[in-house]
Amino acid sequence: SDVVFLIFPGSNGRFYVWTSNGLSIYNPDTDDFDNYYDGNGLLHPATWAVIEDAHGDVWMGSKKGLQKLDRQTKEFTNFSVLDGLPSNDFGRQRPMLDTKGFIHMMVGENMIRFHPDSMIERNNTAPLYLLDLFIARKVISPFGADSILQKQLRFTSQINLTHDQSDIGFSFVMPFFYKPDAIQYYYKLEPYHKDWQENGTANEVHFTHLQPGKYRFKVKAKTDNGIWSSHEAIIDIHISPPWWKSLWAYLFYVICFFSLLYRLWRVELRRRLAKAETIRVKELDALKSRLYTNITHEFRTPLTVIMGTAENLQGHETEKRLIRRNSKNLLRLINQLLDLSKLEHGSLKLNLVQGDIINFLRYLTESFYSMAQEKNIVLTFYSERHELVMEYDEQKIQHILYNLISNAIKFTPVGGKIIFHVQEVVLKDERWLHFKVQDTGIGVAENHLSHIFDMFYQVDGSSTRKGEGSGIGLSLTKELVLLMGGRITVESTIDKGSSFDVFLPIHQAMSGLEAHVPFQKETDAPIASTVEPDTSNNTPSLLIIEDNKDVGDYIETLLKNEYQIARAYNGKEGIDRALQDIPDIIISDVMMPEKDGFEVCATLKENMLTSHIPIILLTAKAEQKDKVEGLKHGADAYLMKPFDKEELFVRLTALLKLRKDLMAYYGGKPIHQFNSGLSASPSLEDVFLAHLYNNTLDLIGDSENALDLLGAKMALSPTQLYRKLKAVTGKTPTLYIRSVRIQKASELLKNSDLNISEIAYAVGFNDPAYFSRVFTEEFGMSPSDFSRSNPS
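Quantities reported herein were computed from a predicted structural model and do not represent experimental measurements.

## Observations concerning the environment of Leu66
- Among the structural elements, Leu66 can be located in strand E7 (residues 65-69).
- Since its relative accessible area comes to 1%, Leu66 is described here as buried.
- Sequence separation of Leu66 and Asn88 is 22 residues, and the distance between their C-alpha atoms is 7.2 Å.

Structure, rendered in structure tokens:
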């Protein structure tokens, strides 16, 4: 500390400094201080009296008594009123050492004199005794009739206790009268403790909740001078277990256990005999089920042959149409039977997604419009909610709607009406999606309504179903609704129509499900974007040509995260938009106003600007001749509504890969090859690249306006030229012009006498140094090296 109160002189250059933190001794041998405080041996930091004796040892007086510091061992020896001092409080003073070696010091108002050699340490000790036994913190008196102790504890070698006497304690003492308050006690309860436990100066210890068993308690003591007791006090303790944990009790438990096992074995034997019969019956049922499933699967093979053979027949269009329609109906029935089989075995699982179900239901309903129009039936979709995001299984919802709406169309006479009504309702504080399919058909009699969802049930009588149907569709519909946690009801009146109500719970927690991007809200009128595509974005561009806004919204929702989406709402607008933007891929409906999908496909495939773009035709027309017609007009793929979204993703990916292969093919061909003439049957891409190459050669010497002039000569806007050239070769117009210039420069280096600078200016480069750098990048050698390796 920097706060110094007194300095005491010593011998041989030593001196002692009393600071606010204790005592510091200056050692001239090390030119340093040895510091002592109340944490490393000093009794009190206020060391008010310090003196050396004749041997050089240090004696110090403080508020807590007298201390001796052995300078050799640096150990302290403490003295107090227990050693004969009149008081422990030494005041501020300077002690004296006389010629005979006596030290004189003041203690309070008394003077003491002592010779350091006479202060001999006491090394004697005393034995250690156990005094009292405690049970539940109460002292146990010996000699009582019911007492645990029949003699004093110090003469007892073992005590026996019961399980409810597990809270015990001991007191002990070492009768040593020199500083008895400073005696330190240590104890150990074996085997509970492995090491000795320090108990300080307390001579009592307690243990609680000891488990039944055998223990040994040991205690020893140490005086203030560090002398251990002459022996340890030891006593053995035995705590007996309760009767239910005794040896006889465990033997009884074993007997009961084996008796129970025997009884269980007898019961199990009888159960197995009964189970064997049950298993036999179940195996018979399983055999029937497997046979049913296998036969259903086997139906697919001959059905495929029938459908394929029918398509190969020449003529007989009516018969082919009948075979095709009935084959598809049979295939649908087989699929429904398989779904019912999965439901019975519990293997049909939900594949939930989260999205706008209103838009999805509207999209599914749209695919039935053509079927309704054939019978002059008005099919109306009406929703009280504009959108509703919830979890649902797309395939199961599609099955339910197909059965309900197709049945409604089937049993509604010509000129009838079908209303598909959707709303959100709250029942018992829970949100439900409620949709109703209501028709003006022939209806079902009241006595048949309770069986209408039974498998293979058909209503007899010519006034109702007239023998149509298999009785599978509605049964599957009910099972699918129940699988999704909903319910379905029906109301019907003969000759007035039927109404099917479906209630599905609304869940909006994602819980790890596939997340659909929320459907965009509808606007009052379709608005096609006129913003030119961002040519710096590597995301492929997609043009959707669809007059039905709901279907277009649904497709855009599926693809907006992977593509730059543009929209057109009729065939003519789609052609104009495709010519303007040059998209990477097009999805077009077939039945549209202005121009249909076939005309769109034919027009774009015959135009040199858009001939490379893959086109997917999408329609509800399922006839094979419609597919063939679309392919004849150049369609790259044909999907039928309602389409499977995974098939759409796969088709798009495959077509984009083909377009990249086309880019790699043309991008890898040397540019000058397009100047060597066209093949006998050139593609529109060959014609475009040849025309582009020749026009570029005509403008090659114009270093300032080549790009603008090239677009004008090709009759293309900068965006059109960029997109067409990028789609076919992977190069931008700027890089393409540079490549043509470098190619032309290589010809001049081989076939002319012009120097490198003259050639650079001749092919449109303003900077010969820049020309040399890009030439080296193109050919891997400088123009001068190229000229030497290709002498004219």
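## Regarding the nonpolar core
- Ranked by size, the top nonpolar core spans 64 residues in total, and within it Leu361, Ile397 and Phe435 carry the most contacts.
- If you tally residues by element for this core, the top one is helix H5 (residues 394-410), at seven residues.
- Among the nonpolar cores identified, the runner-up in size contains 49 residues, and Tyr693, Leu699, Leu748 and Val763 belong to it.

## So, the pattern of salt bridges
- The full count for this structure, using the stated rule, is 22 salt bridges.
- A salt bridge links Arg271 to Glu268; the nearest nitrogen and oxygen atoms lie 2.5 Å apart. One end of the pair is Arg271 and the other is Glu268, both in helix H1 (residues 247-312) and three residues apart, which spans about a single turn.
- Linking Arg567 and Glu556 is a salt bridge whose minimum nitrogen-to-oxygen distance equals 2.6 Å. Residue Arg567 is located in strand E30 (residues 564-568), and its partner Glu556 is located in helix H8 (residues 549-559); the two are separated by eleven residues in the primary sequence. Just as Arg567 is buried, Glu556 falls in that class too.

## Observations concerning helix H9 (residues 571-581)
- If you check which residues of H9 are buried, you get Gly571, Gly574, Ile575, Arg577, Ala578 and Asp581. Buried residues of H9 fall within an arc of 170° about the axis and therefore sit on the same side.
- Contacts made by the buried residues of H9 are with strand E29 (541-545), E30, strand E31 (585-589), helix H10 (597-605) and helix H15 (718-729).
- Ile582 occupies a position one or two residues after H9 and carries a positive phi of about 50°.

## A look at unusual backbone geometry
- Omega for the bond connecting Glu190 with Pro191 falls within 30 degrees of zero, at 0°, which places this linkage in the cis form.
- The topology assignment puts Pro191 in the loop between strand E16 (184-190) and strand E17 (197-200).
- In the Ramachandran plot, Asn12 falls in the positive-phi region, its phi being about 55° despite a non-glycine side chain.
- Inspection of the secondary structure puts Asn12 in the loop between strand E1 (4-9) and strand E2 (15-19).
- With phi around 55°, Lys74 is a residue other than glycine that occupies positive phi space.

## What to know about helix H18 (residues 768-779)
- Compared with the 16 Å implied by 1.5 Å per residue over twelve residues, the 16 Å span of H18 between its first and last C-alpha is a close match.
- Among the residues of H18, those classed as buried are Pro768, Phe771, Val774 and Phe775. Relative to the axis of H18, the buried residues are bounded by an arc of 125° and lie together on one face.
- In this fold, the buried residues of H18 make contact with helix H16 (733-751), helix H17 (756-762) and helix H19 (783-789).
- Within two residues after H18, Gly780 carries a phi angle of roughly 75°, on the positive side.

## A few points about the packing of helix H3 (residues 357-366) against H5
- Running from N to C, H3 and H5 point in directions that differ by 45°, and their axes come no closer than 11 Å. When the axis of H3 is compared with that of H5, the two are oblique. The handedness of the crossing between H3 and H5 is right-handed. Residues Ile357, Phe360, Leu361, Leu364 and Thr365 of H3 lie in contact with H5, whose contacting residues are Glu394, Ile397, Gln398, Leu401 and Ile405.
- For the contact of H3 with H5, a count of residues per class yields seven nonpolar, two polar and one charged.

## Things to note about the sheet that holds strand E4 (residues 32-36)
- In space, the four strands of this open sheet follow the order E1-E2-E3-E4, with antiparallel pairing throughout. The sheet terminates laterally at E1 and E4, the two strands that pair on one side only. The mean inter-strand angle of the sheet, taken between neighbouring strand axes irrespective of direction, is 25°.

## Observations regarding the packing of aromatic side chains
- According to the stated counting rule, one finds 28 aromatic pairs in the structure shown.
- Ring geometry for Tyr186 and Trp228: centres 5.2 Å apart, planes at 55°, overall tilted. Taken together, the positions of Tyr186 in strand E16 and Trp228 in the loop between strand E19 (213-222) and strand E20 (233-239) put the pair 42 residues apart, joining distant regions of the chain.
- By relative accessible area, which is 38% here, Trp228 ends up partly exposed.
- On the basis of an interplanar angle of 45° and a centroid distance of 5.9 Å, the ring pair of Phe368 and Tyr402 is categorised as tilted. Of this pair, Phe368 sits in the loop between H3 and helix H4 (369-374) while Tyr402 is found in helix H5, placing the two residues 34 residues apart along the sequence.
- Taken together, the aromatic side chains of Phe170, Phe172, Tyr185, Tyr187, Phe207 and Phe217 make up a single cluster linked through ring pairs.
- Its guanidinium or amino end placed over the ring of Trp432, Arg487 lies 5.4 Å from that ring's centre, counting from NZ or CZ.
- Between the NZ or CZ atom of Arg487 and the centre of the ring of Phe503, over which it lies, the distance is 4.7 Å.

## Some details on the sheet that holds strand E8 (residues 76-79)
- If you trace the four strands from one edge of the open sheet to the other, you get E5-E6-E7-E8, paired in antiparallel fashion. Each edge of the open sheet carries a strand with a single partner, namely strand E5 (49-52) and E8. Across the sheet, the mean angle from the axis of one strand to that of its neighbour is 20°, orientation sign disregarded.
- Sheet topology note: the strand E6 (residues 58-62)/E7 ladder contains five bridges and is antiparallel. Bridge pairing links Gly61 to Leu66 in E7.

## A word on the side chain of Asn199
- Topologically, Asn199 is positioned in strand E17.
- Polar contacts involving the side chain of Asn199 include one to the main-chain carbonyl oxygen of Glu204, which spans 3.2 Å.
- In this structure, Asn199 is in contact with Phe172, Tyr185, Tyr187 and Glu204, ignoring residues within four places of it in sequence.

Scoring rules and cut-offs
- Residues numbered from 1 in each chain as written.
- Predicted model: local features only at pLDDT ≥ 70, side-chain atom pairs only at ≥ 80, totals over all residues.
- Heavy atoms only, no water.
- Helix = DSSP H or I, 4+ residues; strand = E, 2+ residues; numbered from the N terminus.
- Buried < 20%, exposed > 50% of the residue type's maximum accessible area, 1.4 Å probe, protein only.
- Core = buried A, V, L, I, M, F, W, Y, C linked by side-chain atoms within 4.5 Å.
- Salt bridge = Lys/Arg side-chain N within 4 Å of Asp/Glu carboxyl O.
- Arc of directions from axis to C-beta.
- Contact = heavy atoms within 4.5 Å.
- Expected span 1.5 Å × (residues − 1).
- Axes fitted to C-alpha atoms, helices over the stretch in contact; angles between N-to-C directions.
- Parallel < 35°, antiparallel > 145°, perpendicular 65-115°, else oblique.
- Left-handed = near helix turned anticlockwise from the far one by under 90°.
- Nonpolar A, V, L, I, M, F, W, Y, C, P; charged D, E, K, R; others polar.
- Pairing = 2+ DSSP bridges.
- Phe/Tyr/Trp six-rings, centres within 6.5 Å; stacked < 30°, edge-to-face > 60°.
- Lys NZ or Arg CZ within 6 Å of the ring centre and 35° of its normal.
- Polar contact = N/O pair within 3.5 Å; in protein donor to acceptor, adjacent residues only side chain to side chain.

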